[in-house]
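# Fold and geometry: a report
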Amino acid sequence: MLLALLSSMLLVNCSRTPNKKLDDMVSADGQLLRSGSFKGLGSQKVSGLAKIYLTNGQYQLKTENFSTTNGPDLKVYLSKGATPQEFISLGSLKSTNGNQVYPINGSPDFSIYRFVLIHCEKYNHLYGNAELMQ
């Protein structure tokens, strides 16, 4: 019984991000503000584009043709630097591939928050980033 409980806890704690290919869209009237290309760090593979849109007064991050190495507890951050030091969490990564849209709360200064990060929060491991340019 104890072994079964420990095994189930381990499986829950090590759950991976879904890998179903998504195709989220930004509204056609969305205004593209910034974009950049993802690059993987270390042995992690991360590719695709990160784009910031303003749509109906709401900022959104869209990943396009996105792909990353899978891992536990992957999060999406909007960050002041190429590493997760001062950042805004956009939540859990929805999938390891495809087009994904994440709402951005408030009105961050994108001249300061210039990076999108893919980060394993549980193990404090950075998978990759994209520097946003105008």
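All of these numbers come straight from a predicted model, not from anything done at the bench.

### Comments concerning the overall build of the chain
Looking only at helices and strands, one finds one helix and nine strands in the chain. Each helix and strand of the chain, ordered N terminal to C terminal, gives the series α-β-β-β-β-β-β-β-β-β. Out of the 134 residues in the chain, the part that is buried amounts to 42%. In the chain, once contacts between residues fewer than 6 apart in sequence are set aside, the share between residues at least 24 apart is 64%.

### What to know about the sheet that holds strand β6 (residues 87-92)
Strands sit in the order β1-β7-β4-β3-β2-β9-β8-β5-β6 across an open sheet of nine strands; the sheet is mixed. The sheet is open, and its two borders are formed by β1 (22-23) and β6, each paired with just one other strand. With nine bridges connecting them, strand β3 (residues 46-55) and strand β4 (residues 58-68) associate as antiparallel partners. Bridge assignment links Val-46 to a residue of β4, and that residue is Thr-68.

### What about the pairing of strand β5 (residues 74-79)?
Of all six residues that make up β5, six are buried, and the element is covered over most of its length. Because side chains alternate across β5, one face comprises the buried residues Leu-74, Val-76 and Leu-78, and the other comprises Lys-75, Tyr-77 and Ser-79, equally buried.

### Details of the packing of aromatic side chains
One pass over the full model with this rule turns up three aromatic pairs. Ring geometry for Tyr-59 against Phe-110: centres 5.1 Å apart, planes inclined by 65 degrees, an arrangement best described as edge-to-face. Of this pair, Tyr-59 sits in strand β4 while Phe-110 sits in the loop between β7 (97-104) and β8 (115-120), and the two are 51 residues apart along the sequence. Taking the relative accessible area as the measure of exposure, Phe-110 reaches 7% and is therefore buried. An angle of 15 degrees between the planes, with centres 3.9 Å apart, marks the rings of Tyr-77 and Phe-87 as stacked. One end of the pair, Tyr-77, is in strand β5; the other, Phe-87, is in strand β6, and 10 residues separate them in sequence.

### Quick notes on the confidence of the model for the chain
Of the residues in the chain, 89% have a pLDDT of 70 or more, and the chain-wide mean is 89. Here residues 1-14 scores under 50 on pLDDT; set against residues more than four positions off or in separate chains, the count is three contacts.

### Overview of the nonpolar core
Core analysis: the biggest nonpolar cluster contains 22 residues, and Phe-38, Leu-61, Val-76, Ile-104, Val-116 and Ile-118 have the highest contact counts within it. When contributions to this core are tallied by element, the ones reaching two or more residues are β3, β4, β5, β7, β8 and β9 (125-131). Beyond its immediate sequence surroundings of up to four residues, Val-116 is in contact with Phe-38, Ala-50, Leu-61, Val-76, Tyr-77, Leu-78, Gly-128, Asn-129, Ala-130 and Leu-132.

### Comments concerning the side chain of Thr-17
For Thr-17, the position within the fold is in the loop between α1 (2-13) and β1. Thr-17 gets classed as buried once you look at its relative accessible area, which sits at 7%. One polar contact links the side chain of Thr-17 to the main-chain carbonyl oxygen of Gly-71, over a distance of 3.4 Å. Once residues within four sequence positions are removed from consideration, Thr-17 is found in contact with Asn-70, Gly-71, Leu-74, Leu-93, Lys-94, Ser-95 and Thr-96.

### Let's talk about the environment of Val-46
The topology assignment puts Val-46 in strand β3. Residues Val-46 and Phe-66 lie 20 residues apart in sequence; the distance between their C-alpha atoms is 7.5 Å. In this view, Val-46 contacts Phe-38, Lys-39, Gly-40, Phe-66, Ser-67, Thr-68, Ile-118, Tyr-127 and Gly-128; residues no more than four positions away in its chain are not counted.

Criteria and cut-off values
Throughout this document, residue positions are counted from 1 along each chain, in the order its sequence is written. With pLDDT at 70 or above as the cut-off, local features in this predicted model cover only qualifying residues; side-chain atom pairs require 80 or more to be listed or tallied, and sums for whole chains, interfaces and linings still use all residues. The side-chain figures draw on all heavy atoms in the structure; neither hydrogens nor water molecules are used. A helix here means a DSSP run of H or I that spans at least four residues, while a strand means a run of E at least two residues long, and both kinds are numbered starting from the N terminus. For the exposure calls, accessible area comes from a 1.4 Å probe over protein chains only, and a residue counts as buried if that area is under 20% of its type's maximum, exposed if over 50%, partly exposed in between. Contacts are assigned to residue pairs that have any heavy atoms within 4.5 Å of one another. A pair of strands counts as paired when DSSP detects no fewer than two bridges linking them. Pairing of aromatic rings covers Phe, Tyr and Trp, the last counted by its six-membered ring, and requires centre-to-centre distances within 6.5 Å; plane angles under 30 degrees mean stacked, over 60 mean edge-to-face, and any other angle means tilted. pLDDT is a per-residue confidence score from the predictor, ranging from 0 to 100. The set of buried Ala, Val, Leu, Ile, Met, Phe, Trp, Tyr and Cys residues whose side-chain atoms join them within 4.5 Å is what this entry labels a nonpolar core. Any pair of nitrogen or oxygen atoms within 3.5 Å is treated as a polar contact; in protein, a donor-acceptor pairing is required on top of that, and neighbouring residues in sequence qualify only through side-chain atoms on both sides.

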